[in-house]
Amino acid sequence: MAQSITLKINGQSHTVEAEPDVPLLWVIREYLQLSGTKFGCGIAQCGACTVHVDGQPMRSCQLQVSRAVGREITTIEGIREDHPVKQAWIDIQVPQCGYCQSGQIMSAVALVEKNSNPSEDDIIQAMEGNLCRCGTYTRIKQAIYQAAEEVRNS
Amino acid sequence: MKSTIDRREFLTRTGFTLAVAVTPSGLKVFAMGETDTDSEGFQPTVWYTLSSDNQLTVMVNKVEMGQGTHTALPMIVADELDVKWEQVRIEQAPTRKQYYNPPQFTRMGTGGSGGVRSMYEPLRKAGAAGREMLTQAAANRWKVPVSECQTSESRVHHQTSGRSLPYGELLKEASQLPVPENPRLKDKSEFTIMGRPIPRLDIPAKVNGEAKFGIDIFVPGMLYGVVARSPVYGAEVQSYDEQAARAVPGVRHVVRVDTPEVQGSSFRHAGIAVCAETLDAAWRGRDALNIKWSPGESPTLSTESVDRDLVAGLEKQGLSARSDGDVQGALGNAHQQVQAEYHLPYLSHATMEPMNCTVHVQPDRCDMWIATQGQSRNLDTAVELTGLKPEQVHVHTTYLGCGLGRRGRIDFGYEALQIGKAIEEPVKVIWTREEDIAYDLFRPGNSTRIKAALDKQGRVTAWSHKVVAPQFSVRQGSSIDTQATSGLTRLQYQIPNVSVDWVRLENPIPVTFWRSVGSSHNGFTVESFMDELAHAAGKDPLEFRLQHLKENPRLHGVLELVADKAGWGKSLTGAEGRGIAGYYSYRSYVAQVAEVSVDRRTGKVKVHRVVCAVDCGPHVNPDTIHAQMMGAITMGLSAAFKEKVQFADGGVKSLNFFDYHLLRMSESFPVEVHIVDSEDSIGGCGEPGLPPAAPAVANAIFNATGARLRRLPMTPEQVLQALKQV
């Protein structure tokens, strides 16, 4: 049965009528029309739907909406425009089609905020779950190094 | 010299016409046809508007799928028109005939690496015509010879007197001037925008999550549509429980749907659509349908049967696509004969954005929001399905979450239109990843046998090429599949005796364009075999290629350039082996050197780097070319190492990214791109980077280990098996 569910997304409170087992992804995207978070595979294999839940990167396609209640959810729209990761993505001209990039950026933000001096292995570990069909991996790596440096220096 | 253009003449020669008029927003340069009163049927063409505040709005008739066309096309106009890049914006051109692809204006679509290639000249001429008119207007006002006036950064200057006027103040006078028939195009040395790595206009929105892809469309009152389709090829619905689906809360409609025929295939995936207020309700409704399907038309179809049929095809008589000289005679007289067979799998597009389409069909209007490479085909389909007039159909183009050829097909639009027509409410039809793979139209599988003759000097005197592949692209009046034989009928190497035969593989698997299409398999077979021949002739693979390219300066040139940049012939650091390949496709010449090392115990291959040289003629945005080469190489190697669609029990067995693997970050590698400074004819950039990647790597593996990889994908198991045969 659909029930009233209140979520805190990007610091704002949103209430929806939804079945409790609907993946958070679809509530964010289709119920609330915060469409920056993307659907890619539905089974946590591609990372396109990555959001932060209480600061941790999570695949929103795998989290039932009822389990997101009371937690701090951040989507691509909630990352400030001048965030070093977003800036680096523009400087390095990372996106091609751009569809996977919200998820890439969310994974990268979580990484550099936890570790502002990541090794190549750290980057791979954080980003391995994010697929990109356009083949932007090398630029993603470059952008993460730049963003991390920015975070270190700030 | 200026004269008033004659519409018909200008059309014939350039494919577009220009005329001017003053609009409230300023000077509008557009087609003569738009102001024409005769009714010859040609629709006007509008490429840009310049407004009184000097804002240039370029109408872009190509879709943005990551290839940078939304930036490259306005760069062309802005440079010729001499406006400040900061004052340029774009609009996606609506699906209307005046924006269809010049010079024919019969369809609107994006593909074949043709965006910049086809629009380069029309847009340069459009920009240059505007520049000349604005310059003339200023000269008239100042009463000075036009030859004393120059333009830069949206202004006309008269150096002698030091006067200067912004374009915005000249619009009205310029618009009253005749349109130059043949405006002077800038010399390359005068370019201020083209040739520079201009940041892409679409990137900020793609970084902020604001970019709207097909799946991001929301129409007030919209329902969600999902479809249950044939689980195996040819299966038909025998029974289903409509009532049970309708009983699911939120479900509003249950509709029978069909799919259009696919050339070269008997496949269809007929099905039943469920429309509901939410996506999850639509899925629950679909689960409740409890459909009984007929067994399908080829229950024994499987990966093994497909592979077996491909190999068996090599023993069949093919259709001759080319026969030059006396191949059999030359093979008989060979100093040495070399033969090899290659096998390539069916591949999925796996665009990150699964297929989807939003439609709203009303009695007097049809709206369609779709991430498509073929807007006019969708418009035509809507006209056909709804019975509305073309002007009542509005195909709205969104960003594409990759195209790769998949989005050139109309099946997903057709399906959504059928649903929209039946329910007469707005509906967003979304495919899951599993559906996106199962109902994909694939890159064809391919088996190839090449036989060649070498003379005493190590020259190739004969090349006999047999390719087994399904049919999907046969031109009228021909019986040969142009994609199966692409690049072979015009083999770049100078060989006196050449035969190319195509054996048609028969099965129900639908196929279509996949980045670089036929060249994605023929590039691998030709360039792997050239390497085998070089080895058999005891020659260096680079020297051997160059020896057969004496009359082909551009392919010769990129091979030499890439070899130089990669340090060909010098010792390697880090990597164990190095391989080279070069290929011509989409009018561009691309050569690559790959450096690899191979783990003999696990069979895992590490690509250390790929160096790439490209000659695409004049280039617009070098950073985009770098990105396209990098992307195409990555996709080529994703396929080469990991991808193979699995079939079972008459249908597709591959489900999602856990069993259809794509290359991930840990397997990525640096790509170095060198662009030839060329004034030669213009070529494309989206696809030509792909064909040389897999053979360069396979040749590098051979160089490192002596193992020859003739079967893709080069999984660790394949590599270990090849290593055993060394």
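(A) Quick peek at the overall build of chain A. The helix and strand inventory of chain A stands at five helices and five strands. Start at the N end of chain A and walk to the C end: the helices and strands fall as β-β-α-β-β-β-α-α-α-α. Taken against the 2.2 N^0.38 rule, which gives 15 Å for 154 residues, the C-alpha radius of gyration of chain A at 15 Å falls within 12% of a compact globule. Dimensions of chain A, computed from the C-alpha atoms along their principal axes, are close to 45 × 30 × 25 Å. By residue count, 57% of the 154 residues in chain A fall in the buried class. Summarising the internal contacts of chain A: among those between residues at least 6 apart in sequence, 61% fall at separations of at least 24.

(B) Region of interest: the overall build of chain B. Each helix and strand in chain B was counted, giving 19 helices and 28 strands. Taking 2.2 N^0.38 as the reference for a compact globule, 726 residues should give roughly 27 Å; the C-alpha atoms of chain B span a radius of gyration of 28 Å, in line with that estimate. In terms of overall dimensions, chain B has a C-alpha envelope of 80 × 75 × 50 Å along the principal axes. With 726 residues in all, chain B has 57% of them scored as buried. In chain B, the share of contacts with a sequence separation of at least 24, taken over all contacts with a separation of at least 6, comes to 76%.

(C) Representation of the nonpolar core in the model. Residue and element names in this part refer to chain B. By size, the foremost hydrophobic cluster in this structure holds 222 residues, and its most contacted members are Val274, Cys275, Val562, Val610, Cys612, Val697 and Ile701. Top contributing element to this core by residue count: helix H17 (residues 622-642), with eleven residues. Those residues in contact with Ile701 that sit more than four places away from it in its chain are Gly577, Val596, Val598, Val605, Ala707 and Leu709. Leu56, Met59, Leu73 and Met194 belong to the second-largest nonpolar core, a separate cluster that totals 42 residues.

(D) View of the sheet that holds strand E1 (residues 3-9) of chain A. All names here are of chain A. Sheet architecture is open: five strands sit in the order E2-E1-E5-E3-E4, paired in mixed fashion. In this open sheet, the two strands that pair with only one neighbour each are strand E2 (12-18) and strand E4 (56-59). For this sheet, the mean angle separating the axes of adjacent strands, direction not counted, is 40°. Where helix H1 (residues 24-31) meets the sheet, it contacts E1, E2 and strand E3 (50-53), and its direction lies at approximately 100° from that of E2. Along the sheet, helix H3 (residues 101-114) contacts E3 and E4; its crossing angle with E3, the most-contacted strand, is approximately 35°.

(E) Here's a closer look at H17(B). Here H17(B) contains 21 residues, and its C-alpha end-to-end distance of 30 Å stays within 8% of the 30 Å for a straight helix at 1.5 Å per residue. In terms of burial, H17(B) is a largely internal element, 18 of the 21 residues being buried.

(F) Geometry of the pairing of strand E12 (residues 271-276) of chain B. Residue and element names in this part refer to chain B. Counting buried residues along E12, six of its six residues qualify, which places the element largely inside the surrounding structure. Examined bridge by bridge, strand E9 (residues 223-229) and E12 share six bridges and lie antiparallel to one another. Across the sheet, residue Tyr224 finds its bridge partner in E12, namely Ala276.

(G) Spotlight on the interface of chain B and chain A. Listed per partner, the contact involves 44 residues of chain B and 40 residues of chain A. Taken together, the elements giving at least two residues each to the side of chain B that touches chain A come down to helix H6 (203-208), helix H8 (279-288) and H17 of chain B. Here the element with the most residues in the side of chain B that touches chain A is H17(B); it accounts for six residues. Looking at side-chain class alone, the side of chain B that touches chain A contains 24 nonpolar, eleven polar and nine charged residues.

(H) Representation of the environment of Leu81(B) within the structure. Residues and elements named next belong to chain B. Among the secondary structure elements, Leu81 is positioned in helix H3 (residues 69-81). Residues Leu81 and Leu663 lie 582 residues apart in sequence; the distance between their C-alpha atoms is 42 Å. In contact with Leu81, not counting residues within four places along its chain, are Leu56, Gly127, Gly130 and Arg131.

(I) Region of interest: unusual backbone geometry. Residues and elements named next belong to chain B. Following Pro102, the chain continues to Pro103 via a peptide bond in cis, the omega torsion being 5°. A cis amide bond links Leu712 with the next residue in sequence, Pro713, at an omega value of 0°. Along the polypeptide, Pro713 turns up in the loop between helix H18 (693-705) and helix H19 (716-724). Within the chain, Asn54 stands out as a residue other than glycine whose phi angle is a positive 70°.

(J) Looking closely at the sheet that holds strand E7 (residues 155-158) of chain B. Residue and element names in this part refer to chain B. Across the sheet, which stays open at both edges, the three strands sit in the order E6-E7-E8 with antiparallel pairing between neighbours. Edge positions in the sheet fall to strand E6 (149-152) and strand E8 (163-166), since each has one partner strand and no second. Put simply, the sheet's adjacent strands are angled 25° from each other on average, direction ignored. The sheet strands contacting helix H4 (residues 115-142) are E6, E7 and E8, and the helix crosses E6 at an angle near 130°.

(K) Representation of the packing of helix H2 (residues 84-91) of chain A against helix H5 (residues 137-153) of chain A within the structure. Residue and element names in this part refer to chain A. Packing of H2 against H5 leaves a shortest axis separation of 8 Å and a crossing angle of 140°. The angle between the axes of H2 and H5 places the two elements in the oblique class. At the point where H2 passes H5, the crossing takes the right-handed sense. In this structure, H2 uses Pro84, Val85, Ala88, Trp89 and Asp91 to contact H5, whose residues at the interface are Ala143, Gln146, Ala147, Glu150 and Val151. When its residues are assigned to classes, the contact of H2 with H5 shows seven nonpolar, one polar and two charged.

(L) Molecular detail of the environment of Arg449(B). All names here are of chain B. Relative to the helices and strands, Arg449 is located in strand E20 (residues 446-454). For Arg449, a count of 21 C-beta atoms within 10 Å translates into the label buried. Arg449 sits 396 residues away from Asp53 along the chain, and the two C-alpha atoms are 63 Å apart. Setting aside chain neighbours within four positions, we find Arg449 in contact with Leu314, Gln339, Glu341 and Lys466.

(M) Region of the structure containing the packing of helix H14 (residues 518-537) of chain B against H18(B). Residue and element names in this part refer to chain B. At a closest axis distance of 8 Å, the pairing of H14 and H18 adopts a crossing angle of 30°. Here H14 is positioned roughly parallel relative to H18, judged by the angle of their axes. Where H14 crosses over H18, the two elements pack in a sense that is right-handed. Residues Gly523, Phe524, Glu527, Ser528 and Asp531 of H14 form the contact with H18, whose own contacting residues are Ala694, Pro695, Ala698, Asn699 and Phe702. Taken together, the residues of the contact of H14 with H18 sort by class into five nonpolar, three polar and two charged.

(N) Summary view of the confidence of the model for chain B. Residues and elements named next belong to chain B. Looking at chain B, pLDDT values average 91 and 93% of them are 70 or higher. Segment residues 1-27: pLDDT under 50, and 69 contacts once partners within four positions in sequence are set aside and those in other chains are kept. Scored below 50 in pLDDT, residues 30-45 makes 36 contacts in the model with residues more than four places away or belonging to other chains. In the model output, the complex is listed with pTM 0.94 alongside ipTM 0.98.

(O) Main features of the pairing of strand E24 (residues 588-598) of chain B. Residues and elements named next belong to chain B. Burial analysis of E24 places ten of its eleven residues in the buried class, the great majority of the element. Pairing geometry for strand E23 (residues 577-585) and E24, over nine bridges, is antiparallel. Bridging from a neighbouring strand, Arg578 pairs with Glu595 of E24. What sits between E23 and E24 in their antiparallel hairpin is a turn of two residues, with Tyr586 showing a positive phi close to 50°. What sits between E24 and strand E25 (residues 605-615) in their antiparallel hairpin is a turn of six residues, with Gly603 showing a positive phi close to 80°.

Conventions adopted
Residues numbered from 1 in each chain as written. Chains lettered and ligands numbered in written order. Predicted model: local features only at pLDDT ≥ 70, side-chain atom pairs only at ≥ 80, totals over all residues. Helix = DSSP H or I, 4+ residues; strand = E, 2+ residues; numbered from the N terminus. Rg over C-alpha atoms; globule rule 2.2 N^0.38 Å. Buried ≥ 20, exposed ≤ 12 C-beta atoms within 10 Å, placed from the backbone. Contact = placed C-beta atoms within 7 Å. Core = buried A, V, L, I, M, F, W, Y, C linked by C-beta atoms within 7 Å. Pairing = 2+ DSSP bridges. Axes fitted to C-alpha atoms, helices over the stretch in contact; angles between N-to-C directions. Expected span 1.5 Å × (residues − 1). Nonpolar A, V, L, I, M, F, W, Y, C, P; charged D, E, K, R; others polar. Parallel < 35°, antiparallel > 145°, perpendicular 65-115°, else oblique. Left-handed = near helix turned anticlockwise from the far one by under 90°. pLDDT = per-residue confidence, 0-100.

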